[in-house]
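What the coordinates show
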Amino acid sequence: MPSVPSFPGSEPQIPDVRVGPIDLAPRVDEALAVQKLAFGLSEAEIGVRRQIVLRHLVAPGARAYGALTAENRLAGFVYGMPNDRSHWWSTIVEPYLRAGDLDGWLDDSFVITELHVHPAFQGHGIGRALITTITDGAREPRSILSAIDTESPARGLYRSLGYQDLARQVRFPSAAKPYAVMGAPLPLRRR
């Protein structure tokens, strides 16, 4: 697996983290432990998400990448798939995108379903390496994702890669906070 790339002017990189394709299904509990820490999820939310992740991973074209330490521990992960308008996520965001005449973004797009980096490894380019690596292999001409609709390091990362807000204040059932839907042409912008 390639090393996490070094970017001029960025913080020092963690030398023993490698990004590459992984079979996420057998590591789902380890991935959800990372997501729990990175995203602040409850045990109840983790139980629900476990089934969702496993269902996503068998979708046509689904792929996953991990950032693995020298000890083969998961420091971060990303997974995604070609978007399908019949998927739950698309049915929720479609009216918000249609309101701005942007629902065409749901077609021929690679959706980043989850991207999380363990807090101890954040700020070292791992999230950037994960998302650029997975989207570099996409056949679709663009990528879409959703992120909590607040100014955060994650939203800053997405903007630096070329993602722009397509819809804001998107409400998902059972989510306490509103989300933003973001889209970017592929390949993603490099520094």
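Attention in this report is confined to the structure presented alongside it. (Residues numbered from 1 in each chain as written. Predicted model: local features only at pLDDT ≥ 70, side-chain atom pairs only at ≥ 80, totals over all residues. Heavy atoms only, no water.)

1. Digging into the sheet that holds strand S1 (residues 18-21)
The criterion, for reference: The rule for pairing is simple: two strands pair if DSSP sees at least two bridges between them. Per the convention used, a helix needs a DSSP run of H or I reaching at least four residues, while a strand needs a run of E reaching at least two, with both numbered from the N terminus. Throughout, an axis means a line fitted to C-alpha atoms (over the contacting stretch in the case of helices), and angles, computed between N-to-C directions, take values from 0 to 180 degrees.
One open sheet accounts for seven strands, arranged S1-S2-S3-S4-S5-S7-S6; its pairing is mixed. The open sheet has two free edges, formed respectively by S1 and strand S6 (164-170), since each of these has just one partner strand. Geometrically, the sheet is characterised by an average inter-axis angle of 20 degrees between neighbouring strands, direction not taken into account. As paired elements, S6 and strand S7 (residues 179-185) share four bridges and run antiparallel to each other.

2. Topic: helix H5 (residues 153-160)
Here is the rule: Burial classification: accessible surface area is computed with a 1.4 Å probe over protein chains only, and a residue below 20% of its type maximum counts as buried, one above 50% as exposed, and the rest as partly exposed. This arc corresponds to the set of directions leading from the helix axis out to the C-beta atoms. The contact rule is simple, with two residues in contact once any of their heavy atoms fall within 4.5 Å.
Buried residues of H5: Arg155, Leu157 and Tyr158, and no others. End-on view of H5: buried residues confined to an arc of 155 degrees, all on one side of the axis. Buried residues along H5 sit in contact with strand S4 (109-117), helix H4 (126-136), strand S5 (142-148), S6 and S7. Of the residues flanking the end of H5, it is Gly162, one or two places downstream, whose phi is positive at about 110 degrees.

3. Looking at the pattern of salt bridges
As a reminder, the rule being used: The salt bridge criterion pairs a side-chain nitrogen of Lys or Arg with a carboxyl oxygen of Asp or Glu, the two atoms within 4 Å.
Applying the stated rule across the entire model yields 14 salt bridges. Asp103 is the partner of Arg85 in a salt bridge, and the nearest nitrogen-oxygen pair spans 3.7 Å. Of this pair, Arg85 sits in the loop between strand S3 (74-82) and helix H3 (88-99) while Asp103 sits in the loop between H3 and S4; the two residues are 18 residues apart in sequence, bridging distant segments of the chain. Judged by relative accessible area, which is 32%, Arg85 ranks as partly exposed. The exposure class assigned to Asp103 is buried, which follows from its relative accessible area of 18%. Arg155 is the salt-bridge partner of Asp165, the closest N and O atoms lying 2.6 Å from each other. On the criterion of sequence distance, the pair formed by Asp165 in strand S6 and Arg155 in helix H5 is long-range, its members being ten residues apart. Judged by its relative accessible area of 0%, Arg155 is buried. Residues participating in the shared-partner salt-bridge network are Asp149, Glu151, Arg155, Arg159, Asp165 and Arg168.

4. Overview of the side chain of Ser143
For clarity, the threshold we go by: Two N or O atoms form a polar contact when they lie within 3.5 Å of each other; inside protein one atom must be a possible hydrogen donor and the other a possible acceptor, and for residues adjacent in sequence the pair counts only when both atoms belong to side chains.
The topology assignment puts Ser143 in strand S5. A polar atom in the side chain of Ser143 sits 3.1 Å from the backbone oxygen of Phe110. Sequence-distant contacts of Ser143, that is, excluding residues within four places in its chain, are made with Trp105, Phe110, Ile112, Thr135, Tyr163, Met182, Gly183, Ala184 and Leu186.

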